[in-house]
Amino acid sequence: YALAQLHGCYVLAENSAGLVVVDMHAAHERILYERMKTALAQDRVQTQTLMTPVTFAVGPRERQLIEEYGALFAQAGLDVAVLGPETGAVRQIPALLAGLDIAGLVRDTLADLAAHEASDRLERVILDVLAGLACHGAVRANRPLNLLEMNALLRDMERTDHGGQCNHGRPTWAQLTLAELDRLFRRGR
């Protein structure tokens, strides 16, 4: 349970084992990232139709791959089609990818499919975007949290997969057991 906030960055909490120190930004970042990944897995990807399709050059092999793997692109929220013998187009994208080089992403994915008959490039790009969004959307240092907000963060951490580390691999919390605290202060129990 939350006790206090330290230097605007850490939540101090206690559990049955002792003291828990939580990096509130890192913890909130992981929570947001996992929520967005869950939404993605449940096909709740927000898409946007492009006013002007993004076009790119294709050869015979790329045309075939677009037709063969159209469902893969659609699953990722992309509407990719062949417009002509030498032109492919993207008419819809995941809203998360707005502003990225969509034609380059599709060309690279097609190259993966041609070489390996598989590609996880779309998923990796989307997950990278989600990680960035989670980082930017997470609570920032020096934002005061009240006890209710701190406890809500702790409960969310408990329910979050991989809650022990942020999207960058840093720990989100550390435990100091009562035995460690006793040793630190040379206190016998």
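Quick caveat: nothing in here was measured; it's all calculated off a predicted structure.

> So what's going on with the layout of surface pockets? Residues and values would help.
By volume, the largest pocket amounts to about 340 Å³. L40, Q75, A76, E123 and I126 are, among the 16 residues lining the largest pocket, the residues nearest its centre. The element contributing the most residues to the lining of the largest pocket is helix 5 (residues 121-137), with five residues. Residue composition of the lining of the largest pocket, grouped by class: eight nonpolar, three polar and five charged. As a volume, the second largest pocket reaches approximately 240 Å³.

> Could you give me a rundown of the sheet that holds strand 3 (residues 18-23), with the residues and numbers involved?
Strand order in this open sheet of four strands is 1-2-3-7, and the pairing throughout is antiparallel. Strand pairing shows two members of the sheet lacking a second neighbour, strand 1 (2-6) and strand 7 (173-177), which therefore form its edges. Here the average twist between neighbouring strands, direction ignored, is 20°. Pairing analysis gives four bridges linking strand 1 to strand 2 (residues 10-15), with the strands arranged antiparallel. Looking across to strand 2, one finds that Q5 is bridged to V11. Docked against the sheet, helix 1 (residues 24-41) engages strand 1, strand 2 and strand 3, running at close to 70° with respect to strand 3. Taken strand by strand, helix 6 (residues 147-159) contacts strand 1, strand 2, strand 3 and strand 7, and its axis lies near 105° from that of strand 1.

> Residue-level account of the state of the cysteines, with values.
Counted according to the given criterion, the structure contains zero disulfides. Looking at C9, it has no disulfide partner, and the nearest cysteine sulfur is the one in C135, 13 Å off. For C9, a relative accessible area of 27% puts it in the partly exposed group. C135 carries a free sulfur, and the closest cysteine sulfur to it, the one in C166, is 7.7 Å from it.

> So what's going on with the environment of A152? Which residues, and what values?
Here A152 lies in helix 6. Residue class for A152 comes out partly exposed when judged on its relative accessible area of 38%. Sequence-wise, A152 and Y1 are 151 residues apart; in three dimensions their C-alpha atoms are separated by 9.7 Å.

> Report on the sheet that holds strand 5 (residues 79-84), specifying residues and quantitative values.
Strand order in the open sheet formed by three strands is 4-6-5, and the pairing between neighbours is antiparallel. Where the open sheet ends on each side, the last strands, each with one partner, are strand 4 (47-57) and strand 5. Direction aside, neighbouring strands of the sheet carry axes that sit 25° apart on average. Two elements, strand 4 and strand 6 (residues 87-94), share seven bridges in a ladder whose sense is antiparallel. Within strand 6, the residue paired with A57 across the bridge is T87. On the sheet, helix 2 (residues 60-68) packs against strand 4 and strand 5 and is oriented at approximately 140° with respect to strand 5.

> Describe the nonpolar core, and please don't skip the residues or the numbers.
With 29 residues, the main nonpolar core has F56, F73, L78, V80, V90, V106 and L110 as its most contacted residues. Looking at this core, the elements that each hand over two or more residues are helix 1, strand 4, helix 2, strand 6, helix 4 (102-116) and helix 5. Core analysis: the next-biggest nonpolar cluster, separate from the first, contains 14 residues, I31, V139, L145 and L153 among them.

> Give me the pattern of salt bridges: which residues, what numbers.
For the structure on display, the rule yields seven salt bridges. For R30, the salt bridge identified is with E34, shortest N-O distance 2.6 Å. Placement of the pair is R30 and E34 together in helix 1, with a separation of four residues, close to one helical turn. Each member of the pair, R30 as well as E34, is classed as buried. Residue D156 is joined to R159 by a salt bridge in which the shortest nitrogen-to-oxygen separation is 2.6 Å.

About the thresholds
- Residues numbered from 1 in each chain as written.
- Predicted model: local features only at pLDDT ≥ 70, side-chain atom pairs only at ≥ 80, totals over all residues.
- Heavy atoms only, no water.
- 1 Å grid on protein atoms, 1.4 Å probe; cavity = no way out; pocket = protein on both sides within 12 Å on 5 of 7 lines; lining within 4 Å.
- Points joined across faces, edges and corners; volume = space filled by probe spheres on them.
- Helix = DSSP H or I, 4+ residues; strand = E, 2+ residues; numbered from the N terminus.
- Nonpolar A, V, L, I, M, F, W, Y, C, P; charged D, E, K, R; others polar.
- Pairing = 2+ DSSP bridges.
- Axes fitted to C-alpha atoms, helices over the stretch in contact; angles between N-to-C directions.
- Contact = heavy atoms within 4.5 Å.
- Disulfide = S-S within 2.5 Å.
- Buried < 20%, exposed > 50% of the residue type's maximum accessible area, 1.4 Å probe, protein only.
- Core = buried A, V, L, I, M, F, W, Y, C linked by side-chain atoms within 4.5 Å.
- Salt bridge = Lys/Arg side-chain N within 4 Å of Asp/Glu carboxyl O.

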